[in-house]
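Take a look at the letters that make up each chain.
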Amino acid sequence: MPFTVGGDGARIHYEVAGRTDGEPLLLIQGLGADLKGWAAQRYALGRRYRLLLVDNRGAGGSDKPEGPYDLEVMANDAVAVLDAEGIDSAHVMGASMGGVIAQIVAVRHPHRVRSLVLSCTACHHHAWRVELLEDWADLAEAKGMRALAHEAIRWLVGPRHHVRFRVPFGLLGPLVLNIPAHAFAAQARAITSMSDDVREELRFIDVPTLVIVGTQDILTPLPDSEELAELIPGAELSVITGAAHGLMIEAANAFNDRVLAFLDRAQATAEAA
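Being a predicted model, the structure only gives us computed values, none of them experimental. (Residues numbered from 1 in each chain as written. Predicted model: local features only at pLDDT ≥ 70, side-chain atom pairs only at ≥ 80, totals over all residues. Heavy atoms only, no water.)

Colleague: Mind laying out the nonpolar core, listing which residues take part and the relevant values?
Modeller: Core analysis: the biggest nonpolar cluster contains 63 residues, and Leu26, Leu71, Leu116 and Trp136 have the highest contact counts within it. Per element, the largest residue contribution to this core is eight residues, and it comes from helix α3 (residues 97–108). Not counting residues within four places of it along the chain, the set of residues in contact with Leu26 comprises Leu52, Val54, Ala78, Val81, Leu82, Ala90, His91, Val92 and Met93. By size, the runner-up hydrophobic cluster in this structure holds 25 residues, among which are Trp38, Leu51, Met248 and Ala251. (Core = buried A, V, L, I, M, F, W, Y, C linked by side-chain atoms within 4.5 Å. Buried < 20%, exposed > 50% of the residue type's maximum accessible area, 1.4 Å probe, protein only. Helix = DSSP H or I, 4+ residues; strand = E, 2+ residues; numbered from the N terminus. Contact = heavy atoms within 4.5 Å.)

As structure tokens, this is what we get:
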């Protein structure tokens, strides 16, 4: 298992998959999830791209230090993966919290980013979401991750899929099994403590950007994605009907098709330039 080391000495686990000769694509997961959250993307995207899948600190095989955590530090962890693989720049895709981390990478390390995919994410706080994430952090610490997963499911999965699959462990397995309560709480509080500085700098992003969201996402609703698409020059907005916050799994085929089409366009534009 490959590891790299963050600036504070934390070990960051990652995996390399897909085409060994493909253009690099860095994938950053969201709150509580590890790199297994990209299971539905591995084959579809890996046929064309060299995938670098990161376990954020606190999740999966990465170190799980006591908090507090900082999204800026987590962005540096992701860049350290590129350094470890000797990659100057990559396409970068982030989901939810990983989408915020991807925004930070694009703003703080613009020369490392070839294109940007921001899935089910946002660029600033809503008071209700701050309160929700603080409640989740408190619940995880007080009652454990299974209690948290039971509470969080309705925010992650659309009602149609919730009824159909009952407990969709493809979404909640990583949340329940691969992150301890203290690390989940530290990740959640890293989100609620972030500043709006990055939001103010999104206008300087000058790489092709895709913002993608599901119509049933109630955790990062469509207006969050619309705002991102408006703030980032030339960004495309793609909306998947019927999908919720877990659109990478709920609507994997549509998600993968749209991401691949975007990445291929971005790569073709880069090669032409």
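Structure shown, so let's carry the discussion forward.
Colleague: How would you sum up the side chain of Ser238? Please name residues and give values.
Modeller: Positionally, Ser238 belongs in strand β8 (residues 236–240). With a relative accessible area of 12%, Ser238 lands in the buried category. The residues touching Ser238, leaving out its near neighbours within four places in the chain, are Leu210, Val211, Ile212, Val213 and Arg258.

Colleague: Describe the environment of Asp135, naming the residues involved and giving the relevant values.
Modeller: Along the chain, Asp135 falls in helix α4 (residues 127–143). Residues Asp135 and Ser62, 73 residues apart in the sequence, show an inter-C-alpha distance of 25 Å.

Colleague: Before we move on, can you summarise empty space enclosed by the protein with the specific residues and values?
Modeller: Under the criterion given, the structure shown has two cavities of 30 Å³ or more. Each pocket or cavity is described by its volume, and for the second largest cavity that value is around 40 Å³. The wall of the second largest cavity is formed by Ala106, Pro110, Val113, Ile205, Asp206 and Val207. Along the lines of polarity and charge, the residues of the lining of the second largest cavity split into five nonpolar, no polar and one charged. (1 Å grid on protein atoms, 1.4 Å probe; cavity = no way out; pocket = protein on both sides within 12 Å on 5 of 7 lines; lining within 4 Å. Points joined across faces, edges and corners; volume = space filled by probe spheres on them. Nonpolar A, V, L, I, M, F, W, Y, C, P; charged D, E, K, R; others polar.)

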